[in-house]
Each structure stands twice: as structure tokens, then as C-alpha cells.
Amino acid sequence: MVKFQGVDYFDIQSLLNEEETLVRDTVREFTDDHIIPIIEKHNRAGTFPVELVPKMADLGMFGSTLPAKYGCAEMNNVAYGLVMQELERGDSGIRSFASVQSALVMYPIYTFGSDAHKDFWLPKLASGKAIGCFGLTEPDYGSNPAGMITRAEEKGIVIS
Amino acid sequence: MWITNGTLADVAVVWAKLNGVIHGFLVEKGRKGFTAPEMTGKHSLRASVTSELIFQDCEIPKENMLPKTDGLKAPLMCLNQARYGIAWGAVGSAMACYDAALGYAKSRIQFGKPIASFQLIQEKLVHMLTEITKGQLLTLRLGRMKDKGELRFQQVSMAKRNNVHHALEIARTAREILGANGILDEYPVMRHMANLESVKTYEGTHEMHTLIVGEDITGIPAYV
Ligand SMILES: Cc1cc2nc3c(=O)[nH]c(=O)nc-3n(C[C@H](O)[C@H](O)[C@H](O)COP(=O)(O)OP(=O)(O)OC[C@H]3O[C@@H](n4cnc5c(N)ncnc54)[C@H](O)[C@@H]3O)c2cc1C
């Protein structure tokens, strides 16, 4: 198969620094080698290729902009954006996995969590040993999440 | 409902009202009263797990509340992070579709010539490449502003709205260029097209982003 050469009509490449270019090229190769060969099979079967998770973790694709002390890659936001771009060149579903893990699980734990939450969960999530999800949308509240019905009560905490 | 990775997840960041105020809670897999069955029947994002999270008197320790969450702003900040990535991701889908369409147009012969030699096909390819280039410039600028801490969420909305809209249009145009072959999974185009239908809706629909930018430029909220 011919490797993807990129689409860059305005030489945007020249606006990227060395680290950003390296990240882009690494993820581009990952997409060629590991996503494209298997994606149609998974798309037909309706399955997520879980075997990609450790490889994605090794390349720093989870919580990419968060601090190294949690096992994260501490990239800048342009490099993180390039990760998303190159993953989605393979498949939006694989990019969605990384988006949720990074932006909707690790980011809130890092931003709103206690030190104990961060110390416990972030290294596990960065290494792909734990997977996270983000539950905001409800059947009757999509675009208008302020109306959510899900509620917590204090006794311990009960969610229903 | 509609929760990506729900069934796979070891931990769920769940948003719920406590005394009327929205807070975030960490709910681990296996807690009594919490299940996450997978949703089926999707025509889009088929290689991604989408689930329903069901809570029935699920008890968690008090420490599982994310202490710095207080109201809708916290989950919206998360969505803003995700949308930023989606604005970039959509460009990736569009690049894959353009690349497939360009290669195909140069090799497919009709009327004795490659279809790339017809003006109507060239117009389609030029339009695709122009929109990709604009999307790339938008995301790069977005990233540089975010790195400087200057980025406003309304700008993220504009970029998500624009890039996903054009990626979907590019996927559809690529499908046209591939003719009947465009509907086969031998080519990536139809998969990207179907995926982008979800991407256009999740993390704030195209319409909601229109309203966000609309409010920003007019000062008038038009949500209700
Ligand atoms: C594959 C997939 C994965 C998802 N993953 C997640 C996830 O991980 N976590 C999560 O919490 N959610 C997730 N979602 C849910 C997603 O965020 C919602 O679907 C989205 O917010 C829209 O909500 P809705 O589908 O209920 O549509 P609705 O809110 O019912 O909207 C229906 C239509 O009405 C329009 N509309 C609504 N209000 C207005 C208005 N005021 N003015 C004009 N038009 C309006 C909308 O733009 C849309 O076109 C996912 C969805 C999909 C498809």
C-alpha cells in the first residue's frame, strides 16, 4: 500500500516545530500501520479494536497535554491537535476513544479532582490500564444538559 | 444514553445534580446499581463502543465527588476540550477522503480519459482541497491561541462547526467522485461519511455551535 503523503497545499508543515512534526509523523505512521489495515473489519463487525489501546498509550495519546509526573506526554496543544487529526484520518471512532479518554475523563480528573483522584487514576488512564467514559447526555436531555434528571443524594452518595 | 466507551470503562465521570447543583462523580465499574449495556444498531462510529449508563440507587463514597465541580460550567469546560480535538480530527477525515478521491480520479478512465481530466471533477477536487486548507489554518491558529491561553470557547465552537461541516461535505463529494465504488468498504470514504454524521451531532450539534457564535457576535442568546 502507498503510504499517505499528507495534504498540505500551503506548506503548513513549515509552521510546525520539530516536536510537533515528530508527533504528527509518528501518529501518521501508527494510523497507516495499525488502524487502516484492520479498521474495515471492525467497522463491519461493530467492534472497537481494544488491542490498539496499549500502543496508543505508549505513543502518549492519552491525556497528551497533562504533566509527565502522571505518565502523560506533556505536549503542547498543537501537537495534541495533530494527534487527533492523524488518528481521525484512520477512523473517527478511534479518535473518539482518545478524545473521551483525554478530554472528557483525564481532563476533568486533573482539573476538578482531588490529589488522591489524580494520583490514583491519571497514571492508569495514561497507560491505558484503565479506560474511562463521560456521562452527561440523557435520553431526554441532549443539547440542553442543564435540564438533567440524574441526581445524587447525600447519605453516602446515591446516584439514580 | 449515548456514552462513548461506556461498556469498556473502568471509571465513569458522571454528572448529576446534588441539591439542585450539577457536580461530577467518579463511578467505578462494578458498583452495585451501575450497569453500562452497549447500544446496537448504529450506522455510524461502528468501530467505537456506545453505551447506556444505568444507575439505580448506586451508592458511592463521598470522596468520589470531583471537589472542584460546581454547576454546568465544569462539564462544559470538558466539552470545550473535546471540541478542540474534534476540530482537528475532522480535518483528518477530510484529508483521507480527498486523498482517496484524487487517487481514484487520476486512475479511473471514462470516455477514454481519466475522470480527473473533466472540469466538473477538477472543480470538486479544488473545492475539497481549498476547504481542507482553510480548516488546517483554522486549527493551527486555534492551537497556537490555546497554547498562549488566549483561546475563547466561542472560537472553538466556530472551528468545530466549520471543520465538521466541511469534512462531511468533502466525504460526500469524494463518494460522488468514486461513483459506485464509493459505497464499498474497499474505500474509506463511506465509513468517514457515516462517522462524520455522529461527529456533527456530538459535543454540541452544528446548530448549538451556531447559536453559541451567534450569541457571541450579537449579544443576544437565541437558545429558547
Ligand atoms: C456516537 C455518539 C457518541 C456520543 N458520545 C457521548 C458521550 O460520550 N457522552 C455524552 O454525554 N454524550 C455523548 N453523545 C451524545 C451527544 O452529545 C448528543 O447526541 C448531542 O448533545 C445532541 O443531543 P440529542 O441527540 O439529544 O439531540 P437534541 O438535543 O434532541 O437535538 C435534536 C436536533 O434539534 C436541534 N436543536 C436542539 N435544540 C435547539 C435549539 N435551541 N435551537 C435550534 N436547534 C436545536 C439540534 O441541533 C439537533 O439538530 C454521543 C452521541 C453519539 C451519536
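Residues numbered from 1 in each chain as written. Chains lettered and ligands numbered in written order. Predicted model: local features only at pLDDT ≥ 70, side-chain atom pairs only at ≥ 80, totals over all residues. Heavy atoms only, no water.

## A closer look at the overall build of chain A
Step number 1: Within chain A one finds 5 helices and 3 strands.
Step number 2: The C-alpha extent of chain A, read off along each of the three principal axes, is 60 × 40 × 30 Å.
Step number 3: Within the span of chain A, comprising 160 residues, buried residues form 57% of the whole.
Step number 4: Long-range contacts, defined here as pairs at least 24 residues apart, represent 55% of the contacts in chain A between residues at least 6 apart.
Step number 5: Carbon and sulfur atoms make up 53% of the accessible area of chain A, which amounts to about 6,700 Å² in all. (Helix = DSSP H or I, 4+ residues; strand = E, 2+ residues; numbered from the N terminus. Buried < 20%, exposed > 50% of the residue type's maximum accessible area, 1.4 Å probe, protein only. Contact = heavy atoms within 4.5 Å. Areas by Shrake-Rupley, 256 points an atom, 1.4 Å probe, with all protein chains shown as cover.)

## With respect to the pattern of salt bridges
Step number 1: Considering all chains together, one arrives at 16 salt bridges over all chains under this definition.
Step number 2: Note that K3 of chain A and D33 of chain A form a salt bridge whose closest N and O atoms lie 2.8 Å from each other. Taken together, the positions of K3 of chain A in the segment before α1 (18–45) and D33 of chain A in helix α1 put the pair 30 residues apart, joining distant regions of the chain.
Step number 3: The shortest N-O distance in the salt bridge between R144 of chain B and E20 of chain A comes to 2.8 Å. With one member in each of two chains, R144 of chain B in helix α2 (residues 119–147) and E20 of chain A in helix α1 form a pair that bridges those chains.
Step number 4: Connected through shared salt-bridge partners, E40 and D91 of chain A together with R191 of chain B make up one network. (Salt bridge = Lys/Arg side-chain N within 4 Å of Asp/Glu carboxyl O.)

## Let's talk about the interface of chain A and chain B
Accessible area lost on assembly of the parts is the figure often given for the size of an interface.
Step number 1: If you look at the interface, chain A gives 82 residues, while chain B gives 87 residues.
Step number 2: Taken as a group, F112, I157 and I159 of chain A account for 11% of the area that chain A buries against chain B, more than any other trio of residues on that side.
Step number 3: If you look at where chain A meets chain B, you find 5 salt bridges.
Step number 4: When the shortest N-O distance is used, the salt bridge between R191 of chain B and E40 of chain A registers 3.0 Å.
Step number 5: Counting the contacts that link chain A with chain B gives 33 residue pairs in polar contact (both at pLDDT 80 or more).
Step number 6: Elements supplying a minimum of two residues to the side of chain A that touches chain B: α1, α3 (77–90), α4 (92–112), α5 (115–126), β1 (132–135), β2 (151–154) and β3 (157–159) of chain A.
Step number 7: In terms of residues, the side of chain A that touches chain B owes the most to one element, α4 of chain A, which gives 15 residues.
Step number 8: Its residues placed into classes, the side of chain A that touches chain B shows 41 nonpolar, 25 polar and 16 charged.
Step number 9: Of the pairings in the sheet, the one linking β3 of chain A to strand β7 (residues 58–60) of chain B comprises 3 bridges and is antiparallel in character. Across the sheet, residue V158 of chain A finds its bridge partner in β7 of chain B, namely E59 of chain B. (Buried area = accessible area lost by both parts, 1.4 Å probe. Polar contact = N/O pair within 3.5 Å; in protein donor to acceptor, adjacent residues only side chain to side chain. Nonpolar A, V, L, I, M, F, W, Y, C, P; charged D, E, K, R; others polar. Pairing = 2+ DSSP bridges.)

## Topic: the packing of aromatic side chains
Step number 1: The final tally for this structure, using the stated rule, is 12 aromatic pairs over all chains.
Step number 2: Between Y80 of chain A and Y84 of chain B, the ring centres sit 6.1 Å apart and the planes meet at 20°, which makes this aromatic pair stacked. In this pair, Y80 of chain A sits in helix α3 while Y84 of chain B sits in helix α1 (residues 73–107), so the two residues belong to two different chains. Y84 of chain B shares its class with Y80 of chain A; the two are buried.
Step number 3: Taken together, the ring pairs in this structure connect F48, F62 and F97 of chain A into an aromatic cluster.
Step number 4: Directly above the aromatic system of F120 of chain A lies the positively charged group of K124 of chain A, at a separation of 4.0 Å from the ring centroid. (Phe/Tyr/Trp six-rings, centres within 6.5 Å; stacked < 30°, edge-to-face > 60°. Lys NZ or Arg CZ within 6 Å of the ring centre and 35° of its normal.)

## A closer look at the domain arrangement of chain B
Residue and element names in this part refer to chain B.
Step number 1: Domain boundaries assigned for chain B yield domain 1 (3–64) and domain 2 (73–218).
Step number 2: Using C-alpha coordinates to define each centre, domain 1 is positioned 30 Å away from domain 2.
Step number 3: Opposite the 6 residues of domain 1 that make contact, domain 2 presents 7 residues.
Step number 4: Carbon and sulfur atoms make up 68% of the surface buried where domain 1 meets domain 2, a total of about 490 Å² over both sides.
Step number 5: The three residues of domain 1 that bury the most area against domain 2 are W15, S44 and L45, which together make up 82% of that side's buried surface.
Step number 6: Where domain 1 touches domain 2, the interface holds 0 salt bridges.
Step number 7: For the pair domain 1 and domain 2, the number of links is 3 residue pairs in polar contact (both at pLDDT 80 or more).
Step number 8: Tallied by class, residues from the side of domain 1 that touches domain 2 come to 3 nonpolar, 2 polar and 1 charged. (Domains from an automatic or database assignment.)

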